Every structure is written in C-alpha cells, then in structure tokens.
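Analysis of the macromolecular model
The chain contents come next:
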Amino acid sequence: HEMAIDILDVKKDLKRIHILKGHTAGLKHLDWSEDGKFLQSTSADYELLFWDVSAGKQVTETASMRDVKWATFTVPLGWPVSGVWPTDSDGTDVNAVCRSTAGDIIAIGDDHGLVRISRFPSIAPGKNEPAKSRDSLGHSAHVTNVRFFPDDSTLISTGGNDCSVFQWKVVAP
C-alpha cells in the first residue's frame, strides 16, 4: 500500500511536482480544498494529515486548517465527523463517509452493513455518543464505500463480501 501522495502537473505531461510523505500506513482517503491549495488525507492506521500542496509539505499546525473549505469530505476523521462513530467503536467500524454536494448531510458506510445519513457536520452530542442518523440496512456484509450523485438525490453504496452495488433514494435525517 502506498504511503505517499504524488502531486502531478496535468498541463506538463503529468510531470511530478511533489511527493507528500508522512503517513506510516497505506492511504485510505483524500480530499482537496476548494481553492486547490490544501489536501487532507487519512491512512490505514487512523492518522489524519494536512498538506500544503504548493509547498509540498505537511501542515503540522492543524489549528490553521480549521476554517479550510473542502471540495469533498471523505475522510472519516476530524471534528466535522466525530458523530459518525458508534458508541464504543474500536476505530474499524466506519469504512467510508461522503459529504453531500450541498454540504448539509453525510453518508456513512460501516462494518455492520448499514448505510447511514446524518447531518453535516456530524458532531457527537456527548462523550462516546454518535450523532442522530437515518439508518438503512441492505448489505449483508460491510459497506466499503458511499458516494452521492452530483445533485444529492441518489446515493451509491458498495458492499464487501456481498459484492453488491446499491442505489438509494436520499431522504434527509
């Protein structure tokens, strides 16, 4: 599994601009900021890192990233998704998240075959307590990924051992 992020220039025959190194396990999720200046990424060891793309360096002062607007939000770690984790989670329960295009809801795919919809940001209301969500069961095994259609009317989920793809009509929680 790759532990680095290659930044390529698409206008110059995919010339490598930077290699972002810092993760200690394979990459799992990655999001660009709306202005294209920053990345956020998570790895298999549940590490959330931030990157300054033009400098090719890790941003270690994470408080400076608090107000960054993200074009997508698929990383399952951080304050905006603290409520997606079930009570007494061991850190492996949530496999995928995806914020809607409108930015008001988030889809969650978990190890129990559930596809959940919650408000975004999804903030834990109390210690070790998940945010309220609308839960749907369809997969017979873990859910590996979730993604909204661009108009947010439909959600696609993919299953693990059941090898299925589901199409869901989105109903806000």
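As a reminder, the structure under discussion sits directly above these lines.
Keep in mind the model is a prediction, meaning the values are calculated, not measured.

Helix and strand content of the protein: zero helices and 13 strands. A compact globule built from 173 residues would reach a C-alpha radius of gyration of about 16 Å, and the protein, at 16 Å, matches this within 12%. Counting only C-alpha atoms and orienting by the principal axes, one finds that the protein spans roughly 45 × 35 × 30 Å. Within the protein, the proportion of its 173 residues that are buried is 42%. Within the protein, contacts between residues separated by at least 24 positions form 43% of all contacts whose residues are at least 6 apart in sequence.

A separate point is the nonpolar core. If you look at soluble globular proteins, the nonpolar side chains tend to sit buried side by side. By size, the foremost hydrophobic cluster in this structure holds 16 residues, and its most contacted members are Val84 and Ile106. Mapped onto this core, the elements with two or more residues apiece are β7 (94–99) and β8 (105–110). Those residues in contact with Val84 that sit more than four places away from it in its chain are Pro76, Val94, Val97, Ile106, Ile108, Arg116 and Ser122. Counting 12 residues, the second largest nonpolar core, distinct from the first, contains Ile105, Ile117, Phe148 and Val170.

On to the sheet that holds strand β11 (residues 143–148). Spatially, three strands are ordered β11-β12-β13 in an open sheet, and the strand pairing comes out antiparallel. For this open sheet the edge positions go to β11 and β13 (165–169), each flanked by a neighbour on one side alone. When strand polarity is set aside, the average angle formed by the axes of neighbouring strands in this sheet is 20°.

Attention now goes to the packing of aromatic side chains. With the rule as written, the count across this model stands at three aromatic pairs. In this structure, Arg99 packs its charged tip against the face of Phe120, placed 5.7 Å from the ring centre.

Paired through backbone hydrogen bonds, the strands of a sheet run either parallel or antiparallel to each other. Pairing is antiparallel across the open sheet formed by four strands, whose spatial order is β7-β8-β9-β10. With partners counted over all chains shown, the strands left at the sheet margins are β7 and β10 (134–137), one partner each. The sheet shows a mean angle of 20° between the axes of neighbouring strands, taken without regard to direction. Here β7 pairs with β8 via five bridges, running antiparallel. Residue pairing in the sheet places Val94 in a bridge with Asp110 of β8.

Turning our attention to the pattern of salt bridges. For the structure on display, the rule yields four salt bridges. Between Asp6 and Arg16 there is a salt bridge, with its nearest N and O atoms 3.3 Å apart. Here the residue Asp6 occupies a position in strand β1 (residues 4–9), and Arg16 occupies one in strand β2 (residues 15–21), the gap between them amounting to 10 residues. The partly exposed category is assigned to Asp6, whose relative accessible area is 38%. Residues Arg66 and Asp67 are paired through a salt bridge, measuring 4.0 Å at the closest nitrogen-oxygen approach. No difference in accessibility class separates Arg66 from Asp67, as the two residues are exposed. The network of salt bridges with common partners includes Asp110, Arg116 and Asp135.

Calculation notes
- Residues numbered from 1 in each chain as written.
- Predicted model: local features only at pLDDT ≥ 70, side-chain atom pairs only at ≥ 80, totals over all residues.
- Heavy atoms only, no water.
- Helix = DSSP H or I, 4+ residues; strand = E, 2+ residues; numbered from the N terminus.
- Rg over C-alpha atoms; globule rule 2.2 N^0.38 Å.
- Buried < 20%, exposed > 50% of the residue type's maximum accessible area, 1.4 Å probe, protein only.
- Contact = heavy atoms within 4.5 Å.
- Core = buried A, V, L, I, M, F, W, Y, C linked by side-chain atoms within 4.5 Å.
- Pairing = 2+ DSSP bridges.
- Axes fitted to C-alpha atoms, helices over the stretch in contact; angles between N-to-C directions.
- Phe/Tyr/Trp six-rings, centres within 6.5 Å; stacked < 30°, edge-to-face > 60°.
- Lys NZ or Arg CZ within 6 Å of the ring centre and 35° of its normal.
- Salt bridge = Lys/Arg side-chain N within 4 Å of Asp/Glu carboxyl O.

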